[in-house]
Amino acid sequence: MATPIPHEPHLPNELLLIIKQHIDPFDLRTHVCYYLSSPRVSALYDSELNPDAFWALACWNCGIGAGLNASEETGDFTWKDIAIDCIIRDGFCEHPQCGEMLLEYNRRRMRYAAGDVKPLEPLRGKIAMQMPILEGHILFKQIEFKCWRNQEPVERDAHLRAPGAPARRPECEENRQFHDDYPGLYFEQHPLAARSFATSFPVVNIDFCRVADTQPKNHIMQQERAIIILDILKVIHAELDEPLTVTDLCDHLGHHYNCVLDNPWDFRKALGMMRTIRSLLTICPILDLEQVLDDSDNGPLISVELR
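Conventions and cut-offs
- Residues numbered from 1 in each chain as written.
- Predicted model: local features only at pLDDT ≥ 70, side-chain atom pairs only at ≥ 80, totals over all residues.
- Heavy atoms only, no water.
- 1 Å grid on protein atoms, 1.4 Å probe; cavity = no way out; pocket = protein on both sides within 12 Å on 5 of 7 lines; lining within 4 Å.
- Points joined across faces, edges and corners; volume = space filled by probe spheres on them.
- Helix = DSSP H or I, 4+ residues; strand = E, 2+ residues; numbered from the N terminus.
- Nonpolar A, V, L, I, M, F, W, Y, C, P; charged D, E, K, R; others polar.
- Patch = residues over 30% accessible without salt bridge, like charges linked within 9 Å, V, L, I, M, F, W, Y side chains within 5 Å.
- Areas by Shrake-Rupley, 256 points an atom, 1.4 Å probe, with all protein chains shown as cover.
- Salt bridge = Lys/Arg side-chain N within 4 Å of Asp/Glu carboxyl O.
- Buried < 20%, exposed > 50% of the residue type's maximum accessible area, 1.4 Å probe, protein only.
- Axes fitted to C-alpha atoms, helices over the stretch in contact; angles between N-to-C directions.
- Parallel < 35°, antiparallel > 145°, perpendicular 65-115°, else oblique.
- Contact = heavy atoms within 4.5 Å.
- Pairing = 2+ DSSP bridges.
- Disulfide = S-S within 2.5 Å.
- Phe/Tyr/Trp six-rings, centres within 6.5 Å; stacked < 30°, edge-to-face > 60°.
- Lys NZ or Arg CZ within 6 Å of the ring centre and 35° of its normal.

**Q** It is not clear to me how the layout of surface pockets should be interpreted in this structure. Could you clarify?
**A** Over the atoms, a rolling probe the size of a water molecule traces out where space has been left empty. Put simply, the largest pocket is a space of about 270 Å³. Lining the largest pocket are 15 residues, with Ala66, Trp79, Glu224, Arg225 and Ala226 sitting closest to its centre. Taken together, the elements giving at least two residues each to the lining of the largest pocket come down to α4 (51-61) and α5 (70-73). When the residues that make up the lining of the largest pocket are grouped by side-chain class, the tally is 10 nonpolar, 1 polar and 4 charged. Around the second largest pocket sit 16 residues that line it, and Leu68, Asn69, Glu72, Arg89 and Arg195 are the ones nearest its centre. Elements with a minimum of two residues in the lining of the second largest pocket: α5, α6 (79-90) and α10 (191-195). Residue classes in the lining of the second largest pocket are distributed as 6 nonpolar, 3 polar and 7 charged.

If you want it as structure tokens, here you go:
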């Protein structure tokens, strides 16, 4: 991360402005580093007619939205603060699915979406249904929840998978000594991941038809801002520890019977291992968000698909 220059070179403001203007508007990390490099550079950004509009567009170009806390839901925030927080805390993260790798992936998606979505105007209602099929963020393939029921909020339950760790973790259900903690990987420590737009085209409303073959109680999501990954995780998190019915389990095994066969369990053991969605996710982890072809009046129908 760039730090203010101890002995600032006496470059004219005109040259500092030229440097700013030559930074790619999609390169949020460089803009934040340049902003923080010098009070004179910061003043160039802050002296624009609407300085926060610049940061709002820079975040949009990198697929980053608001919605991590109550103040952001009420509009009591600045995009500059979001941009700086994301880069300081997460912009140089070395996790292979975070940091600059995540920013680059988001930039590609937003450049692709630019032909169908106006800047800072996420799709809503019927318009969202007329777009190409929505695709889930690639990061969903790398997201896990703790194995065991807990009282933590979603930000300290959902986490990135550790690099090189296996996707399936049935052993944690069998071994109560399993170390069910993931320091440095929780979403509260990864604002870039939490704030990334959940779908390939930013949308404000979706209808969850399935989470692991069950329909969530609060399956309709409608809001004024673009839906981010953390919004999706909140819906899943609310369902994690609800007991699965026999019908739910039969529906799941209809698509994932091989997941059971891959483990040395008898029928009783298998049923004991799949009591809740949380326990299912240790055996059949999240694969993707998938838009089903039929849409509801509440927006595109989305299913959380498992491996």
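**Q** Would you mind going over a nonpolar patch on the surface with me for this structure?
**A** On the surface, Leu11, Leu15, Ile18 and Ile19 cluster together into a nonpolar patch covering about 280 Å² of accessible area. The topology assignment puts leucine 11 in the segment before α1 (13-21). Looking at leucine 11, the relative accessible area reads 30%, which means it is partly exposed.

**Q** What exactly am I supposed to notice about unusual backbone geometry here?
**A** Notably, leucine 120 is not glycine yet its phi reads approximately 65°, a positive angle. For leucine 120, the location among the structural elements is in the loop between α7 (99-113) and α8 (125-129). Taking relative accessible area as the criterion, leucine 120 reaches 44% and is therefore assigned partly exposed.

**Q** Please clarify how the packing of helix α2 (residues 28-36) against helix α3 (residues 39-46) should be interpreted in this entry.
**A** Each pair of packed helices can be summarised by the angle the axes make with each other and by the distance between the axes. At their nearest, the axes of α2 and α3 sit 6 Å apart, and the two run at 120° to each other. With respect to α3, the axis of α2 lies oblique. Together, His31, Tyr34 and Tyr35 of α2 and Val41, Ser42, Tyr45 and Asp46 of α3 make up the contact between the two elements. A class-by-class count of the residues in the contact of α2 with α3 yields 4 nonpolar, 2 polar and 1 charged.

**Q** Would you take a moment to explain the sheet that holds strand β5 (residues 286-291) for this structure?
**A** Hydrogen bonds between backbone atoms are what pair the strands of a sheet, whose relative direction is either parallel or antiparallel. Pairing is mixed across the open sheet formed by 4 strands, whose spatial order is β4-β3-β6-β5. Single-partner strands in this sheet number two, and they are β4 (220-222) and β5. The mean angle between the axes of side-by-side strands here comes to 25°, regardless of whether they run parallel or antiparallel. Bridge count between β5 and strand β6 (residues 301-306): 5 bridges; the pairing is antiparallel. Bridging from a neighbouring strand, aspartate 288 pairs with glutamate 305 of β6. Sitting on the sheet, helix α11 (residues 229-239) is in contact with β3 (205-211), β4, β5 and β6, with an inclination near 40° to β3.

**Q** What exactly am I supposed to notice about the pattern of salt bridges here?
**A** All told, the structure shown has 19 salt bridges when counted by the stated rule. For aspartate 241, the salt bridge is made with arginine 278, and the minimal N-O distance between the two is 2.7 Å. Taken together, the residues aspartate 241 in the loop between α11 and α12 (246-261) and arginine 278 in helix α14 (residues 277-283) connect sequence positions 37 residues apart. The network of salt bridges with shared partners includes Arg29, Glu100, Glu104, Arg107 and Arg108.

**Q** Whenever I open this one, the state of the cysteines confuses me. Can you help?
**A** Between two cysteines, a covalent bond joining their sulfur atoms is known as a disulfide. Evaluation of the coordinates by the stated rule reveals 0 disulfides. In this structure cysteine 86 is not part of a disulfide, and its nearest cysteine sulfur, from cysteine 59, lies 6.4 Å away. The thiol of cysteine 209 is unpaired, and the distance to the nearest cysteine sulfur, on cysteine 284, comes to 18 Å.

**Q** What am I meant to see in empty space enclosed by the protein here?
**A** The tally for this structure, following the rule as stated, stands at 2 cavities of 30 Å³ or more. As a volume, the largest cavity reaches approximately 40 Å³. Around the largest cavity, the lining residues are Ile143, Glu144, Phe145, Ala167, Arg169, Leu281, Pro285 and Ile286. Here the residues of the lining of the largest cavity sort into 6 nonpolar, no polar and 2 charged.

**Q** What should I look at first to understand the environment of proline 191 in this one?
**A** Note on placement: proline 191 falls in helix α10. Setting aside residues no more than four positions away along its own chain, proline 191 makes contact with Leu68, Asp85, Cys86, Arg89 and Asp90.

**Q** Is there a simple way to think about the packing of aromatic side chains in this case?
**A** For any two aromatic rings, the description comes down to two numbers: the centre-to-centre distance and the angle of the planes. As enumerated under the stated definition, the model contains 10 aromatic pairs in all. A centroid spacing of 5.1 Å and a plane angle of 85° characterise the contact between phenylalanine 54 and tryptophan 55, whose relative ring orientation is edge-to-face. Here phenylalanine 54 falls in the buried class, since its relative accessible area comes to 19%. Take tryptophan 55: its relative accessible area is 1%, and that puts it in the buried class. If you follow lysine 20 out to its NZ or CZ, it ends over the ring of tyrosine 45, 4.8 Å from the centre.

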